[in-house]
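Chains, contacts and geometry: an overview
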Amino acid sequence: MKITVNGATYETGAVTLAALLSELGHDGAVVATAVNGEFAGRASRAETMLRAEDEIEIVAPMQGG
Amino acid sequence: MAGFYGIDVASRFMIGTAGYPSPAILGEAIHASGAEIVTVSLRREGAGGAGQAFWDLIRQTGCRVLPNTAGCKTVKEAVTTAQMAREVFETPWIKLEVIGEDDTLQPDVFALVEAARVLTDDGFQVFPYTTDDLIVAEKLLAAGCEVLMPWGAPIGSGRGLNNPYQLRTLRAHFSGVPLVVDAGLGLPSHAAAAMELGYDAILLNTAVAKAGDPVGMAAAFRDAITAGRAAFEAGPIEVRDMAEPSTPVAGTPFWQGAE
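Quick summary incoming for the structure in this document. Just so it is clear, the structure is predicted and the values come from calculations on it, not from any experiment. (Residues numbered from 1 in each chain as written. Chains lettered and ligands numbered in written order. Predicted model: local features only at pLDDT ≥ 70, side-chain atom pairs only at ≥ 80, totals over all residues. Heavy atoms only, no water.)

Re the packing of aromatic side chains
Residue and element names in this part refer to chain B. Considering all chains together, one arrives at five aromatic pairs over all chains under this definition. Centre to centre, the rings of F13 and F221 are 6.3 Å apart; their planes meet at 45°, and the pair counts as tilted. In this pair, F13 is assigned in strand β3 (residues 13-16) and F221 in helix α9 (residues 214-234), connecting sequence segments 208 residues apart. In this pair, the class of F13 matches that of F221, namely buried. Between W93 and F127, the aromatic rings sit 4.8 Å apart at their centres with planes inclined by 55°, giving tilted as the arrangement. Taken together, the positions of W93 in strand β6 (residues 93-96) and F127 in strand β9 (residues 125-130) put the pair 34 residues apart, joining distant regions of the chain. What makes W93 buried here is its relative accessible area of 3%. (Phe/Tyr/Trp six-rings, centres within 6.5 Å; stacked < 30°, edge-to-face > 60°. Helix = DSSP H or I, 4+ residues; strand = E, 2+ residues; numbered from the N terminus. Buried < 20%, exposed > 50% of the residue type's maximum accessible area, 1.4 Å probe, protein only.)

Details of the interface of chain A and chain B
Counting residues at the interface gives 24 residues for chain A, matched by 27 residues for chain B. In total, about 2,200 Å² of surface goes out of reach between chain A and chain B, with carbon and sulfur atoms giving 58% of it. At the junction of chain A and chain B, the tally comes to three salt bridges. Among the ionic pairs, A:R45 bridges to B:E87, the shortest N-O distance being 3.3 Å. Counting across the interface, chain A meets chain B through 17 residue pairs in polar contact (both at pLDDT 80 or more). Only β3 (32-35), β4 (38-40) and β5 (55-63) of chain A provide two or more residues apiece to the side of chain A that touches chain B. Of the residues that constitute the side of chain A that touches chain B, the class distribution is 11 nonpolar, nine polar and four charged. Here β5(A) pairs with strand β4 (residues 37-44) of chain B via five bridges, running antiparallel. Bridged to A:M62 within β4(B) is B:S41. (Contact = heavy atoms within 4.5 Å. Buried area = accessible area lost by both parts, 1.4 Å probe. Salt bridge = Lys/Arg side-chain N within 4 Å of Asp/Glu carboxyl O. Polar contact = N/O pair within 3.5 Å; in protein donor to acceptor, adjacent residues only side chain to side chain. Nonpolar A, V, L, I, M, F, W, Y, C, P; charged D, E, K, R; others polar. Pairing = 2+ DSSP bridges.)

Observations concerning the pairing of strand β5 (residues 64-67) of chain B
A regular strand carries its side chains on alternate faces of the sheet. Residue and element names in this part refer to chain B. With four bridges joining them, β4 and β5 adopt parallel strand pairing. The residue bridging T39 from the neighbouring strand is L66, located in β5. Remark: the β4/helix α2 (residues 50-61)/β5 crossover connection has right-handed handedness. (Right-handed = clockwise from strand over helix to strand, strands pointing away.)

Thoughts on the environment of B:A143
Residue and element names in this part refer to chain B. The topology assignment puts A143 in the loop between α5 (134-142) and β10 (149-150). When the C-alpha positions of A143 and V118 are compared, they lie 8.4 Å apart, and in sequence the two are 25 residues distant. Look past the residues within four positions of A143 in its chain and what remains in contact with it is V113, A116, R117 and T120.

Thoughts on the pairing of β9(B)
All names here are of chain B. For β9, a buried count of five out of six residues is recorded, marking the element as mostly surrounded by other parts of the structure. Relative to β9, β6 runs parallel, the two sharing four bridges. The partner of W93 across the bridge, within β9, is Q125. Bridge analysis of β9 against β10 gives two bridges, and the strand direction is parallel. Across the sheet, residue Y129 finds its bridge partner in β10, namely M149. After leaving β9, the chain enters α5 and then returns to the sheet as β10, a path that is right-handed.

Laid out in structure tokens, this is it:
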């Protein structure tokens, strides 16, 4: 199904948010996620089902002022 | 000692981590600054995992992190970003920025107050990046903030303290509240001036990161902040319009007055 990951269209076979992170190579990485603008905590990722058109944000620590 | 939400720190310098020539220079600049608190952010993670290496570097400094919501323009964006930051950085601290205008990066203070209330109710300890407006400051405190961070000047402008009078007013009005001048400073003398007003700390990034020698500039700001605080604690003299001789007048040679 087609979703948006970090602003770019992405075709995924993943059913859950956890599976998507795995598919993208973020297993074990320090990242946080949001689905359609709502925070999706680490503990909820395995139960968070993806739907077509979902907008996913995957963020990591970065330099900041 | 300065204190923020029950955490005491010896250094009154909070330093940003963005825009340095290299990760190595960032690490050296943090060390030279003596800062115990560094600001960080969240950005979209690419396939390369750039964020992981940065996070390892910051953890090695041993500094406490203050994540920001830089770039957020709505309450919703800021709240979601704060929630993500809390999970990633494992801290309830959040430097709350809600930007209202692109040319000045001026905070949208109405959204800022609302976001501060939402986040405080959710258990966050909010460091609001705000203007120097007294009433906004009162509303941020009413929303649950226990620290205020008024701007010196627009972010990255290097102008220094645009309105020392207003900053002095804030200091006088909120005598028991930790106040941090955040943003707009360019020179160590700007930081010293803010500290001489009685501010509790300085938060800056660009003035160090974009200096010709960031490590040297970090040390210069460290010393200025220490000096400014020491001056405040030592009790500066009152400003006068007219001269007052410092050398005793009585006994001046050729003096015509009465002894």
